[in-house]
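So you can see what is in the structure, the chains are spelled out below.
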Amino acid sequence: MRVLYSGEEIQRRVEELAAELRPLYADRNPLLLGVLKGSFIFLADLARALAIPLEVDFVQLASYGDGTESAGFVRFERDVERPLQGRHVLVVEDIVDTGHTLRFLLSTLASRQTASVRVVSLLEKPSRRCLAVRPDYVGFTIPDLFVVGYGMDLAEGFRHLPDICVLEADDK
Ligand code: IMP
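Now for a description of the structure that goes with this document.

Definitions and cut-offs
- Each chain carries its own residue numbering, running from 1 in the written order of its sequence.
- Where totals are concerned, whole chains, interfaces and linings use all residues; where local detail is concerned, this predicted model gives features only for residues with pLDDT of at least 70, and gives and counts side-chain atom pairs only at 80 or more.
- The basis for every side-chain value is the complete set of heavy atoms in the structure, and neither hydrogens nor water enter the calculation.
- Relative accessibility decides the category of a residue: with a 1.4 Å probe and only protein chains considered, values under 20% of the type maximum give buried, values over 50% give exposed, and everything between is partly exposed.
- Think of it this way: any DSSP run of H or I at least four residues long counts as a helix, any run of E at least two long counts as a strand, and we number them from the N terminus.
- When DSSP finds at least two bridges between two strands, those strands are taken to pair.
- If you view a crossover with the strands going away from you and the path from the first strand over the helix to the second runs clockwise, you call it right-handed.
- Axes here mean lines fitted to C-alpha atoms, for a helix over just the part in contact, with angles spanning 0 to 180 degrees between N-to-C directions.
- The contact criterion used is simple: two residues touch if any of their non-hydrogen atoms lie within 4.5 Å.
- Paired rings are identified among Phe, Tyr and Trp, the last through its six-membered ring, by centres lying within 6.5 Å, and are further divided according to the angle between planes into stacked (under 30 degrees), edge-to-face (over 60) and tilted (the rest).
- What counts as a salt bridge is simple: a side-chain nitrogen of Lys or Arg found within 4 Å of a carboxyl oxygen of Asp or Glu.

Digging into the pairing of strand β5 (residues 88-96)
Next, step 1: Most of β5 is tucked away: 9 of the 9 residues are buried.
Next, step 2: Pairing of strand β2 (residues 31-36) with β5 involves 4 bridges; the strand directions are parallel. The partner of Leu 32 across the bridge, within β5, is Leu 90.
Next, step 3: Direction of pairing for β5 relative to strand β6 (residues 116-124): parallel, over a ladder of 8 bridges. The residue of β6 that forms the bridge with Val 96 is Glu 124.
Next, step 4: Once you follow β5 into helix α3 (residues 100-109) and on to β6, the crossover reads as right-handed.

In structure tokens, the structure reads:
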């Protein structure tokens, strides 16, 4: 397993993102909308780094296709609990890969009379994007690697690692 970004590097970047986002959301009581499960640690760190009044909710999306990548068919496993009307929504993603998940979520949110919707993603892999959808704020742009840790998994494993790591051939 190779460390791509250490826990310390991640914390520094989260602080920078929070500093950029704070002026936009102070006094707006934003709703941080985490996309489960991969964003749960990023959201927890970002919410504390923002240090402004905010609310938190989660959606869970499932893509059904043939395995490791989303094939373009996405559905809700869990929708938001509260109405989004008039809310400033900040979608918090772990990684935008092909873009199918984010496009589905944004098209759904478009019909919910929000005051604003922006997207912050810890990681993005632009080389694999097949759709014209981009997060507004990105922690790190990475090449086409499969990463785990800091919330992200392979078959539900590795989410607890403090660093963002790249799996190597002999990792279990
Ligand atoms: P997309 O719909 O192809 O953009 O896929 C986005 C989702 O796929 C992310 O929210 C992750 O849950 C998952 N994913 C994509 N790449 C990786 C990776 O390298 N490691 C772990 N999960 C990933």
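There is more to say after this.
Details of the sheet that holds strand β4 (residues 74-78)
Next, step 1: Strand order in the open sheet formed by 6 strands is β4-β3-β2-β5-β6-β7, and the pairing between neighbours is mixed. Edge positions in the sheet fall to β4 and β7 (137-141), since each of these pairs with one other strand and no more. Ignoring strand direction, the axes of neighbouring strands in this sheet form an average angle of 25°.
Next, step 2: Here strand β3 (residues 55-63) runs beside β4; their pairing, made up of 4 bridges, is antiparallel. Within β4, the position partnered with Ser 63 by the bridge is Val 74.
Next, step 3: Sitting on the sheet, α3 is in contact with β2, β3, β4, β5 and β6, with an inclination near 70° to β4.

Some thoughts on the packing of aromatic side chains
Next, step 1: In the structure shown here, the tally under the stated rule is 2 aromatic pairs.
Next, step 2: A ring pair is formed by Tyr 5 and Phe 140, whose centres lie 3.8 Å apart and whose planes are at 15°; its orientation type is stacked. Note that Tyr 5 is positioned in strand β1 (residues 2-5) and Phe 140 in strand β7, a separation of 135 residues in sequence. By the burial criterion, Tyr 5 is buried, and Phe 140 matches it.

Quick word on the pattern of salt bridges
Next, step 1: Considering all chains together, one arrives at 12 salt bridges under this definition.
Next, step 2: A salt bridge links Arg 134 to Glu 124, with the nearest nitrogen and oxygen atoms 2.7 Å apart. Of this pair, Arg 134 sits in the loop between β6 and β7 while Glu 124 sits in strand β6; the two residues are 10 residues apart in sequence, bridging distant segments of the chain.
Next, step 3: The class for Arg 134 is exposed, based on a relative accessible area of 55%.
Next, step 4: What emerges from the salt-bridge pattern is a single network uniting Lys 37, Asp 153, Glu 156 and Arg 159.

Here we look at the sheet that holds strand β9 (residues 164-166)
Next, step 1: Read from one edge of the open sheet, 3 strands run β1-β9-β8, paired in antiparallel fashion. Because the sheet does not close on itself, it has two edges, and the strands there are β1 and β8 (147-148).
Next, step 2: Examined bridge by bridge, β1 and β9 share 3 bridges and lie antiparallel to one another. Bridged to Arg 2 within β9 is Val 166.

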